[in-house]
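# Architecture at a glance
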Amino acid sequence: MKASAALMCLSVTLALAAGQVLFKQGALQISGAGFWERLIQALTNVYLLAGLALYALTTMAWVWVLTQVPLSRAYPFTALAFVIVPVAAHYLFGEAWHLQLLIGSLLIVAGIIVIGSA
């Protein structure tokens, strides 16, 4: 895979991971007791709205990437989100980082390297 194609795939993956971080930040601000109260809070939450907007833009970017890169080569890059999001969650939200998460992350990265080098 060309470096430019890998960079495009990585950019989409980073945007997806950023969207997840925005969703988590938004979720932390929802604290209503009832369904309707929580729904209104969600619909007016800047972080959730920003996450949705980012996902919409990222979807358009992903479609463009797929015009340049075969799906079988591009899609495995999205698995990097399973590495990026837990690292971001650890540093931004204080979520625990376990040995199993580290081992799984290393396996994901190894798999992407194997697929990307084909």
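Once a new chain begins, its residue numbering starts again from 1 and follows that chain's sequence as written. Two thresholds apply to this predicted model, a pLDDT of at least 70 for residue-level local features and 80 or more for giving and counting side-chain atom pairs, whereas whole-chain, interface and lining totals are computed over all residues. Each side-chain value is derived from all of the structure's non-hydrogen atoms; neither hydrogens nor water enter the calculation.

## A closer look at the packing of helix α5 (residues 81–93) against helix α6 (residues 99–116)
The geometry of a pair of packed helices is captured by two quantities: the angle between their axes and the separation between those axes. Definition in use: In this analysis, axes come from line fits to C-alpha atoms, helices being fitted only over the stretch in contact, and the angle between any two N-to-C directions falls in the range 0 to 180 degrees. Helical segments are the DSSP runs of H or I of at least four residues, strand segments are the runs of E of at least two, and each set is numbered from the N terminus. The hand of a helix crossing depends on one turn: near helix anticlockwise from the far one by less than a right angle means left-handed, and clockwise means right-handed. Every residue pair with non-hydrogen atoms within 4.5 Å of one another is taken to be in contact. Under the grouping applied here, Gly and all other residues not named as nonpolar or charged are polar, the nonpolar ones being Ala, Val, Leu, Ile, Met, Phe, Trp, Tyr, Cys and Pro and the charged ones Asp, Glu, Lys and Arg.
Interhelical geometry of α5 versus α6 gives an angle of 145° and a closest axis separation of 9 Å. Here the hand of the crossing between α5 and α6 comes out left-handed. Contacts between α5 and α6 involve Phe-82, Val-83 and Pro-86 from the former and Leu-101, Ser-105, Ile-108 and Val-109 from the latter. Class assignment of the residues belonging to the contact of α5 with α6 gives a composition of six nonpolar, one polar and no charged.

## A look at helix α3 (residues 46–68)
We count it as follows: Here, expected helix span is obtained from the residue count minus one, scaled by 1.5 Å. Remark: exposure states derive from per-residue accessible area (1.4 Å probe, protein chains only) relative to the maximum for the residue type, with buried under 20%, exposed over 50%, and partly exposed in between. Throughout this description, a polar contact denotes any pair of N or O atoms lying within 3.5 Å of each other; where both atoms belong to protein, one of them has to be capable of donating a hydrogen while the other can accept it, and for residues adjacent in sequence the pair is counted only when both atoms sit in side chains.
Here α3 is 23 residues long and its end C-alpha atoms lie 33 Å apart, about the 33 Å a rise of 1.5 Å per residue gives. Those residues of α3 that sit buried are Leu-48, Gly-51, Thr-58, Trp-62 and Val-65. For α3, the capping residue at the N-terminal end is Asn-45, with a side-chain oxygen 2.9 Å from the backbone nitrogen of Tyr-47.

## What to know about the packing of aromatic side chains
What counts is decided by this rule: Pairs were defined over the aromatic rings of Phe, Tyr and Trp, the Trp ring being its six-membered one, requiring ring centres within 6.5 Å. Orientation was assigned from the angle between planes: stacked under 30 degrees, edge-to-face over 60, tilted for the rest.
According to the stated counting rule, one finds two aromatic pairs in the structure shown. A ring pair is formed by Phe-23 and Tyr-55, whose centres lie 5.1 Å apart and whose planes are at 55°; its orientation type is tilted. You can see Phe-23 sitting in helix α1 (residues 3–28) and its partner Tyr-55 sitting in helix α3, a full 32 residues away along the chain. Here Phe-35 and Trp-36 contribute two aromatic rings whose centre-to-centre distance is 4.9 Å and whose plane-to-plane angle is 80°, an arrangement assigned as edge-to-face.

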